[in-house]
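Each chain, letter by letter, is given below.
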Amino acid sequence: MNTLLVIAKEPVPGRVKTRLTPPFTPREAALLAEASLVDTLRTVAATPAARHVLVLDGTPGSWLPPGFDVVPQCAGGLDERLAAAFAGCEGPALLIGMDTPQVTPELLTVDFADCDAYFGPAEDGGFWALGLATPDPELLRGVPMSTPHTGTVQRARLTAAGLRVRDLPALRDVDTAADAQAVATAAPHSRFATELTRLRAVNHR
């Protein structure tokens, strides 16, 4: 694979994981976002690719491991930002977000030999991964984001373009406190699970 991309926001209180508040404070929600981002970046760094790219809204912090090219997100809606991320790639590319800390290198090690696209559905109706053998920004522009039908529309866009699509397993995004607990249970050794356990212990003192 040529490029593995992570699209993410800097974990700043009040700007990330706002649906975790309540029960968590904005600072605690940002700590959980940072833990999720750290797990995601570590997994991506451990997955073979010619380039590892962080497409970032914000400024890199100490949470960024070595080996990543950092490029700023463009202006516009999420569809435009995803499209721009793919526009900067040459050859096969796979993009994921920062909301699935349970992801593994095995899930991200994809082979485009007999398909044109990979699609990873999210349990909330969106998608957690999108891979394109030939990155084409127009495959994303205009897709309604953050709706219960986003994944269905995006996958239909791929098949309507005549692409052979291979599906990845469905994963659960971390949006709510219930999501956070389910994902931590699925990845008990992750930094995310450790941070969630710590915060709940603090809040129950």
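Presented here is an overview of the structure given in this document.

Reading the values: the criteria
- Residues numbered from 1 in each chain as written.
- Predicted model: local features only at pLDDT ≥ 70, side-chain atom pairs only at ≥ 80, totals over all residues.
- Heavy atoms only, no water.
- Pairing = 2+ DSSP bridges.
- Helix = DSSP H or I, 4+ residues; strand = E, 2+ residues; numbered from the N terminus.
- Axes fitted to C-alpha atoms, helices over the stretch in contact; angles between N-to-C directions.
- Contact = heavy atoms within 4.5 Å.
- Salt bridge = Lys/Arg side-chain N within 4 Å of Asp/Glu carboxyl O.
- Buried < 20%, exposed > 50% of the residue type's maximum accessible area, 1.4 Å probe, protein only.
- Phe/Tyr/Trp six-rings, centres within 6.5 Å; stacked < 30°, edge-to-face > 60°.

1. Here we look at the sheet that holds strand E2 (residues 51-57)
The strand order E3-E2-E1-E4-E6-E5-E7 describes an open sheet built from seven strands, whose pairing is mixed. Of all strands in the sheet, those with a lone pairing partner are strand E3 (69-72) and strand E7 (165-167), marking the two edges. Looking at each pair of strands side by side, their axes are set apart by 20° on average, direction ignored. The pairing of strand E1 (residues 3-9) with E2 spans seven bridges and is classified as parallel. Residue pairing in the sheet places Lys 9 in a bridge with Asp 57 of E2. Contacting E1, E2 and strand E4 (93-96), helix H1 (residues 26-45) crosses the sheet at an angle of about 170° to E1.

2. What to know about the environment of Ala 187
Within the secondary structure, Ala 187 sits in the loop between helix H5 (177-186) and helix H6 (191-203). Taking the C-alpha atoms as reference points, Ala 187 and Gln 102, separated by 85 residues in sequence, lie 5.2 Å from one another. Other than its neighbours up to four places away in sequence, Ala 187 contacts Gln 102 and Ala 193.

3. Section: the pattern of salt bridges
Scanning all chains against the criterion turns up 12 salt bridges. Where Glu 34 meets Arg 191, a salt bridge forms, and the shortest distance between an N and an O atom there is 3.5 Å. Taken together, the positions of Glu 34 in helix H1 and Arg 191 in helix H6 put the pair 157 residues apart, joining distant regions of the chain. You can call Glu 34 buried: its relative accessible area is 19%. The residue Arg 155 makes a salt bridge to Asp 167 at a minimum N-O spacing of 2.9 Å. Of the two residues, Arg 155 sits in helix H4 (residues 150-160) while Asp 167 sits in strand E7, which places them 12 residues apart along the sequence.

4. Brief notes about the packing of aromatic side chains
Applying the stated criterion across every chain, the model contains two aromatic pairs. Centroid distance Phe 112 to Tyr 118: 5.2 Å. Interplanar angle 90°. Geometry classified as edge-to-face. Note on accessibility: Phe 112 and Tyr 118 belong to one class, buried. Here Phe 119 and Phe 127 contribute two aromatic rings whose centre-to-centre distance is 5.6 Å and whose plane-to-plane angle is 40°, an arrangement assigned as tilted. Here Phe 119 matches Phe 127 in class, with each residue buried.

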